[in-house]
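# Breakdown of the fold
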Amino acid sequence: MRVVVLGAGNILLGDEGLGVRAIERLPLAYCLPACIELIDAGTCGMEMLEELEDLDALIVVDAIRAQREPGTLIRLVGEQVPVFFRTKLSPHQIGLCDVLATLELLARAPRYTAILGLQPQSLALGLELTPVVEAAMPELLRMIVGELGALGVHPAPREAARVT
Amino acid sequence: MSQRVTIDPVTRIEGHLRVDVEVDGGKVRKAWASGQMWRGVENILVGRDPRDAWAITQRICGVCTTVHAIASVRAVENALQLELPINAQYIRNMIILAHAVHDHIVHFYHLSALDWVDVTSALRADPGKAASLAESLSTWSGNSKAEFTKVKDRLSGFVGTGQLGIFTNGYWGHPAMKLPPEINLIAAAHYLQALEVQRHANKIVSILGSKTPHIQNVAVGGVANALAVDAQSVLSVERLLAVKTWIDQLADFVKNVYLIDVAVVGGSYPEWTAIGRGFVDYLSVPDIPLDGKNTRFALPGGHIANGDLASFKEIKSHADAYFRDGVAESVKHSWYQGGKGPLHPHQGETRPQYTDFQDDGKYSWLKSPTFYDKPMQVGPLSRVLAMVAAQHQPTIDYATRALDLVSTVAKTKVGLDALHSTIGRHAARAIVCAVAVDQLATQWDLLLANMAKGDLKTFNKPTFPQGEIAGFGVHEAPRGVLSHWIVIADGKIKNYQCVVPTTWNAAPRNEKDAPGAYEACLVGTPVANPEQPLEVLRTVHSFDPCIACAVHVVDHETRPVVRVDPA
């Protein structure tokens, strides 16, 4: 089993970087088994090709513009995944979109793909998340862990890990 | 009647670029290039520790992360007049070169080849004929009939599903597509092989840079790699030997596939050696330093006026006042507050003032840089011309090899002057890629030889003085001259400006209303069908646009990509 949790986004643009921030925080909050690889993809493209080949599951964490209240949790799976890339709900999908299309061409695409994220409030310049998105980040981490759980991987929360 | 064609966004590039052209009599008469995103990274950096700037600036863009890291540390080191240990230079040089090789391969095969190669035509090719042709041109092992048959079957299956995926944006069957089916099949096979090969370059960057994407090993004062002859936990000789294997595989592909494919495509489209010339003022900077002070370089650079190699004026060091004092940026046609005329980057300001798209007023988020008051073309073509002018023998050899093959395919003598063109920019990129992959091997040898002497030093600690200092960092990045400009006061950043390659090339009109390089090169480009302006894309893509670092995101709505209006 090989699972990648990929944080996408530009950390210079406020909530745009929430995917990367989630990847930074996930291992601080949970003990992740070795089959899970975390990738801080930023806004990169083809450099990630090899890392994303032949995955059992790819979980992309990203800012998702879905005309919802800022901070709303959003989960896209199945047929919504290609729509996500086609309709440019995210401003930096060019690189990642090309990588996934290339993996299709090579017949090495992930067997399962989910896109998890939050509706951003502001994409203005700055390294910080807005308070409303910041407040929703723990929920986003739980959502990622829930997604992993559905795949049969169960990361333990850090505190519980220390007790045992 | 003339027509106005708006391409927004230009696809298969990083970032958001809009191009408008006025077409009359089947040719572009007037052009505008407009960066559609605002760049404000400079504003984030003010007040921060200069040692952190590289980590922040490498987040500007998803394609050129490493180049901003390099230019940034060089700017701070220049301000401090800090000399580097030579090992740090060699390691940085290898990262720079591996990144450049990766970038050029991906740009040609995966981003721009589809402007010239019709994948659907490859389905009609005879794999046997394709193999005889390819084997007559190259020793590459991936040119067999069996390989081409396999690729043709794979493409048939892919196209048969009706989902073209990665190939969706191609203009299949366009009248400007002229390659025979066999050459299209060869190119499609190499497209797939390039996907395999590019990973070697990426591995080199990740081993030396400690992480990819986003390298972690650079530091103001050197690199954070601990070198060792034997230990496992650091950059050991064993790991460096793995790097050497990848360098050799890259060299085989670049010299025996990429360089040849570009020449064959170029020779098959000889009319494109006369399209996209624009203005012929070129700027490049020297790179791949061979000393700790950035005064001796493996690859020369400088200024060429009016396409005349005899006019070449070399930029001699990374502190050369000739470069430092020549750069200024105008915002007369950019969505920033101006009124002060062109400003030197150390005095540069980034205060947005959005109007609307005004043909004769402000119409781009890009500033308009000039070198001694003139707009410049930057990129591989500028570099090839500078290196030929500087009598750099490897460049002369690869350029001769490429142009000889172009001449054979085109059945007419094609000389150096043909490089001042849309297809010439692709040829120049392949030539610098071949030079870079050889230089990558040289830098590897230099590092190993220096380690063998017992020198394992990689870092000189910086100290920041009280008071104000200023510096600039230059780097000949894959897309051309990149410069970061920093003013430091009492150890904190007071001003920071990035003048990036695509800003030079995709610049709007300047203070004197002279067009930028894209705008100038587009004039005269033929357009067979305004609804499918493939020819415009060919010229724009020949520069390898990368807009993300030139500007930043404000808006991405779903819109039709091409719009045609009466002018």
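Residues numbered from 1 in each chain as written. Chains lettered and ligands numbered in written order. Predicted model: local features only at pLDDT ≥ 70, side-chain atom pairs only at ≥ 80, totals over all residues.

### Topic: the overall build of chain A
Summing up its helical and strand segments, chain A has five helices and seven strands in all. In chain A, the succession of α and β elements from N to C terminus is β-α-β-β-β-β-α-α-β-α-β-α. Its C-alpha radius of gyration of 15 Å places chain A within 12% of the 15 Å reference for a compact globule of 164 residues. Summarising its shape, the C-alpha atoms of chain A cover approximately 45 × 40 × 25 Å along the three principal directions. (Helix = DSSP H or I, 4+ residues; strand = E, 2+ residues; numbered from the N terminus. Rg over C-alpha atoms; globule rule 2.2 N^0.38 Å.)

### Notes on the overall build of chain B
Across its full length, chain B holds 16 helices and 16 strands. Relative to a compact globule of 567 residues, whose C-alpha radius of gyration would be 24 Å, chain B shows 23 Å and is just as compact. Along the longest, intermediate and shortest principal axes, the C-alpha atoms of chain B span 70 × 60 × 45 Å. When each of the 567 residues of chain B is scored for burial, the buried share is 57%. Restricting the contact set of chain B to residue pairs at least 6 apart, pairs at least 24 apart contribute 77%. (Buried ≥ 20, exposed ≤ 12 C-beta atoms within 10 Å, placed from the backbone. Contact = placed C-beta atoms within 7 Å.)

### A closer look at the packing of helix 4 (residues 86-112) of chain B against helix 9 (residues 237-268) of chain B
All names here are of chain B. The contact between helix 4 and helix 9 brings their axes to 12 Å, and the two run at 35°. Judged by the twist between their axes, the crossing of helix 4 over helix 9 is left-handed. Counting all contacts with helix 4, which are made through Val 101, Ile 105 and Phe 108, the residues of helix 9 involved are Leu 250, Val 254, Tyr 258 and Val 262. Here the residues of the contact of helix 4 with helix 9 sort into seven nonpolar, no polar and no charged. (Axes fitted to C-alpha atoms, helices over the stretch in contact; angles between N-to-C directions. Left-handed = near helix turned anticlockwise from the far one by under 90°. Nonpolar A, V, L, I, M, F, W, Y, C, P; charged D, E, K, R; others polar.)

### Some words on the packing of helix 9 of chain B against helix 12 (residues 393-410) of chain B
Residues and elements named next belong to chain B. The geometry of helix 9 relative to helix 12 is characterised by a closest axis approach of 8 Å and an angle of 40° between their N-to-C directions. As summarised for this structure, helix 9 and helix 12 are arranged oblique, according to the angle between their axes. The way helix 9 lies across helix 12 gives a crossing that is right-handed. Facing helix 9, whose interface residues are Leu 259, Ile 260, Val 262, Ala 263, Val 264, Gly 266, Gly 267 and Ser 268, helix 12 presents Tyr 398, Ala 402, Leu 405, Val 406, Thr 408, Val 409 and Ala 410. Class assignment of the residues belonging to the contact of helix 9 with helix 12 gives a composition of 11 nonpolar, four polar and no charged. (Parallel < 35°, antiparallel > 145°, perpendicular 65-115°, else oblique.)

### Describing the nonpolar core
Grouped together as the largest cluster of nonpolar side chains are 221 residues, with contacts concentrated most on Ile 144 of chain A together with Val 101, Ala 402 and Ile 431 of chain B. Beyond its immediate chain neighbours, meaning those up to four positions away, Ile 144 of chain A contacts Val 5, Ala 22, Leu 26, Ile 59, Val 61 and Leu 116 of chain A. (Core = buried A, V, L, I, M, F, W, Y, C linked by C-beta atoms within 7 Å.)

### Things to note about the confidence of the model for chain A
All names here are of chain A. Residues at a pLDDT of 70 or more form 90% of chain A, whose mean pLDDT is 87. The weakest mean pLDDT in chain A belongs to helix 5 (residues 158-163) at 62; the strongest belongs to helix 4 (residues 131-150) at 98. Overall, residues 88-93 carries pLDDT values under 50, and its contacts beyond four positions in sequence, including any with other chains, amount to 20 contacts. (pLDDT = per-residue confidence, 0-100.)

### Points about the sheet that holds strand 9 (residues 302-304) of chain B
Within a sheet, adjacent strands bond to each other through the backbone by hydrogen bonds, running parallel or antiparallel. All names here are of chain B. Spatial ordering of the open sheet is given by 6-9-10, a layout of three strands whose pairing is antiparallel. Strands at the two margins of the open sheet, each flanked by one partner only, are strand 6 (282-283) and strand 10 (313-314). In terms of strand pairing, strand 6 meets strand 9 through two bridges, oriented antiparallel. In the strand pairing of strand 9, Tyr 282 is matched with Ile 304. (Pairing = 2+ DSSP bridges.)

### Observations regarding the pairing of strand 12 (residues 368-371) of chain B
Residue and element names in this part refer to chain B. Here strand 12 shows a buried face lined by Ser 368 and Thr 370 and a second buried face lined by Pro 369 and Phe 371. As paired strands, strand 11 (residues 327-330) and strand 12 are joined by four bridges and run antiparallel to one another. In the sheet register, Val 327 faces strand 12, and the bridge partner there is Phe 371.

### Concerning helix 3 (residues 65-80) of chain B
All names here are of chain B. Compared with the 22 Å implied by 1.5 Å per residue over 16 residues, the 23 Å span of helix 3 between its first and last C-alpha is a close match. Among the 16 residues of helix 3, 15 are classified as buried, and the element is accordingly described as predominantly covered. Positive phi shows up at Gln 81, right after helix 3, with a value of about 50°. (Expected span 1.5 Å × (residues − 1).)

### A closer look at the environment of Lys 492 of chain B
Residues and elements named next belong to chain B. Mapped onto the secondary structure, Lys 492 falls in strand 15 (residues 492-499). C-alpha separation for the pair Lys 492 and Leu 299, spaced 193 residues apart in sequence, amounts to 33 Å. Among all residues touching Lys 492, those that are not within four sequence positions of it are Gly 47, Arg 48 and Asp 49.

### Details of the sheet that holds strand 5 (residues 73-77) of chain A
Residues and elements named next belong to chain A. The sheet built from five strands is open, its strands ordered 3-1-4-6-5 with mixed pairing. The sheet is open, and its two edges are formed by strand 3 (36-42) and strand 5, each paired on a single side. Averaged over all pairs of adjacent strands, the angle between strand axes in this sheet comes to 20°, irrespective of strand direction. The sheet contact formed by strand 5 and strand 6 (residues 113-118) spans five bridges and is antiparallel. Residue pairing for strand 6: Leu 73 is matched across the bridge by Leu 118. Where helix 1 (residues 18-29) meets the sheet, its contacts fall on strand 1 (3-8), strand 3, strand 4 (57-63) and strand 6, and the angle it forms with strand 1 comes to roughly 130°. Contacts from helix 4 reach strand 1, strand 3, strand 4, strand 5 and strand 6 within the one sheet, and its direction differs from that of strand 6 by about 165°.

### Some words on unusual backbone geometry
The backbone of Ser 210 of chain B shows a phi angle near 70°, a positive value even though the residue is not glycine. Tracing the backbone shows Ser 210 of chain B in the loop between helix 8 (181-209) and strand 4 (218-219).

### Focus on helix 16 (residues 534-541) of chain B
All names here are of chain B. With seven of eight residues buried, helix 16 lies mostly within the body of the structure. Looking at helix 16, one finds that the buried residues are Glu 535, Val 536, Leu 537, Arg 538, Thr 539, Val 540 and His 541. Contact partners of the buried residues in helix 16: strand 1 (3-7), strand 2 (17-24), strand 3 (27-35), helix 4, helix 13 (422-452) and helix 15 (517-522).

### Side note on the environment of Phe 253 of chain B
Residue and element names in this part refer to chain B. Of note, Phe 253 is situated in helix 9. Between the C-alpha atoms of Phe 253 and Ser 141, which are 112 residues apart in sequence, the distance is 9.7 Å. Phe 253 has contacts with Val 197 and Tyr 258, leaving out every residue within four places of it along the chain.

### A look at the confidence of the model for chain B
All names here are of chain B. Residues at a pLDDT of 70 or more form 92% of chain B, whose mean pLDDT is 91. Scored below 50 in pLDDT, residues 548-560 shows 43 contacts in the model against residues more than four places distant or in partner chains. Prediction confidence for the complex, expressed as pTM and ipTM, is 0.92 and 0.84 respectively.

### Quick notes on the pairing of strand 4 of chain A
Residues and elements named next belong to chain A. In terms of burial, strand 4 is largely enclosed, as seven of its seven residues are buried. Sheet topology note: the strand 1/strand 4 ladder contains five bridges and is parallel. Bridge assignment links Val 4 to a residue of strand 4, and that residue is Leu 58. Bridging between strand 4 and strand 6 involves six bridges; their strand directions are parallel. Residue Val 60 lies in a different strand from strand 6, and its bridge partner there is Ile 115.

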